[in-house]
Amino acid sequence: MVGLKEELLKSIWHAFTALDLDRSGKVSKSQLKVLSHNLCTVLNVPHDPVALEEHFRDDDEGPVSNQGYMPYLNKFILEKVQGNFDKVEFNRMCWTLCAKKNLSKSPLQISDEDAFKVWVIFNFLSEDKYPLIIVPEEIEYLLKKITEAMGAGWQQGQFDHYKIALNTSREGLSAWELIDLIGSGQFSKGMDRQTVSMAINEVFNELILDVLKQGYMLKKGHKRKNWTERWFVLKPNIISYYVSEDLKDKKGDIILDGNCCVEALPDKDGKKCLFLIKCLDKSFEISASDKKKKQEWIQAIQTTVSLLRAGSPPPHKEARQKRKELRQKLLAEQEELERQMKELQTANENKQKELETVRKQLEAAAARAAEEEKKRLQTQVELQDRFSLELEREKMVRQKMEEQVAQKSSELEQYLQRVRELEEMYKQLQEALEVEKQARQDEETVRKLQARLLEEESAKRAELEKWHLQQQQTIQMTEAEKQELENQRMIKERALQVAMQQLEQLELERKEALEQYEEVKKKLETAANNTKTWKDKVAHHEGLIRLIEPGSKNPHLITNWGPAAFTEAELEQRQKSWKGKKATSE
């Protein structure tokens, strides 16, 4: 609950500092009442109007000030929070109170919703001291996460220049400066607003909503035993499944604890990539889209259950704590190194003072020797005998002093040698730190490269599977078209057979017509011969005999050889009969 209280305090601090001050420089009582009422509402804490009025009474003892509000906030609100509230709704209420006053007026390349999510992420990554700031290491971590979510490459050199410029002015950025930095597009050049928004949303889901993994899979029902596609969301202690990824229609939860386990299943009932989630009360059969997704989900669920058994926080929260501990460790090492350097500098200054004292003593001794030599010369005549004794004594004194000077010089040389060794050790320590830093950067680069290769391989596999599905659909469509063409061919063949039968019938009728034509032709030739014979006879007996022929109601057809064998009515009758037979055969 201590960690939850710290997270709540950060958002409340933004809302509190955005309140207007009166002429005396204090926040008005009415604003604090409104803020307290809103906090109790979104945090599902019961209201206590009596305590509120008692705490904010109008006399001078009422703590209506920046410091006086904290006791009420801790005692009547934060200590009663149980965790059964909507974290996003709480942050949105605090954001509404502070955004209008602090958000930059200049146009940004991100929406207000994205700015809200960046603000919430800032509260998660900022340091636990006020006023709240986010240090350069956490800024780099956030920008890397957003860049990776956009699928772009991280520009380390560009951020190093920005970090150098930032360190020269202050320790970190405020929430609004961070929103301006991301909204300016300085580290997302070439990306459209939708891509940046999707990347911010992905990082928000991971860091704030504790979404460890999400995606579509098939779930087997417990009653009807049918398979239905659901959108699964894995969090540190629960797996929720919805109708779709908009998270509007929730279908159920799978509560995870240390007793849960997950295991792979063989393919059955036409379903592949199966695995089973076993809980105390029931089990769930799940079907992933492919083997890679199946393995990823199994590993993610196993990791979550292991963290629950160990009582460890989610991976991103544990990573944040490790980064803070590493920063504190490096800061302590740096302070210890500075302390050692100061001690060495102090010792060096003390040695210099000692050497200066020895030098002054030598100069004083030399001055005294010169003075004594002068006195000795002045009294040489008077003290000749004593001079020899004094000279011997002086030589002995000088020898002892030279030995002392040599000893001091040797000690000084040893001290300087030690100082040089310590400087060399300091340089080696710096080089070792640089090597370790470079090794960590190389390791991070290799890890990113491996992650990018895995993502590319996953994308290529997804694309190949998509092409395979398209090819199967195309084959199925081709089979359907082939079957349709075969049916049309059969219909056309049947129509062709009918047409061939009709053609054969017409051929028979044509032959019959030709035979009739040959008979008619023979009759015409016979009639023509008969007519010619009669003409000859008439010509021979012209004027003597006149033939009397039976008349006809219809006029006869006249040919080149005389009257035709058929009349026009008979020909029309035969033509109608032929057309009727033709229509019947068709």
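Description of the structure in this document. (Residues numbered from 1 in each chain as written. Predicted model: local features only at pLDDT ≥ 70, side-chain atom pairs only at ≥ 80, totals over all residues. Heavy atoms only, no water.)

**Describing the environment of Phe275**
When you line up the elements, Phe275 lands in strand β6 (residues 274-278). Along the chain, Phe275 and Leu32 lie 243 residues apart, while their C-alpha atoms are 53 Å from each other. (Helix = DSSP H or I, 4+ residues; strand = E, 2+ residues; numbered from the N terminus.)

**Notes on the sheet that holds strand β1 (residues 213-220)**
In space, the 7 strands of this open sheet follow the order β4-β3-β2-β1-β7-β6-β5, with antiparallel pairing throughout. The sheet is open, and its two edges are formed by β4 (250-255) and β5 (261-265), each paired on a single side. Averaged over all pairs of adjacent strands, the angle between strand axes in this sheet comes to 35°, irrespective of strand direction. Two elements, β1 and strand β2 (residues 227-235), share 8 bridges in a ladder whose sense is antiparallel. Across the sheet, residue Lys213 finds its bridge partner in β2, namely Leu234. (Pairing = 2+ DSSP bridges. Axes fitted to C-alpha atoms, helices over the stretch in contact; angles between N-to-C directions.)

**What to know about unusual backbone geometry**
In this structure, the amide linkage connecting Tyr130 to the following residue, Pro131, adopts the cis form with an omega of 0°. Among the secondary structure elements, Pro131 is positioned in the loop between α6 (112-125) and α7 (136-150). Even without being glycine, Asn44 reaches a positive phi, approximately 55°. Residue position: Asn44 is located in the loop between α2 (29-42) and α3 (49-55). Even without being glycine, Cys273 reaches a positive phi, approximately 55°. Its place among the elements puts Cys273 in the loop between β5 and β6.

**Digging into empty space enclosed by the protein**
For the structure shown, the criterion picks out 2 cavities of 30 Å³ or more. In this structure, the largest cavity occupies an estimated 170 Å³ of space. What lines the largest cavity is a set of 15 residues, and nearest its centre among them are Glu7, Lys87, Asn91, Val120 and Ile208. Secondary-structure elements contributing two or more residues to the lining of the largest cavity are α1 (2-17), α5 (87-102) and α6. For the lining of the largest cavity, the leading source of residues is α1, giving 4 residues. Counted by class, the lining of the largest cavity contains 8 nonpolar, 3 polar and 4 charged residues. (1 Å grid on protein atoms, 1.4 Å probe; cavity = no way out; pocket = protein on both sides within 12 Å on 5 of 7 lines; lining within 4 Å. Points joined across faces, edges and corners; volume = space filled by probe spheres on them. Nonpolar A, V, L, I, M, F, W, Y, C, P; charged D, E, K, R; others polar.)

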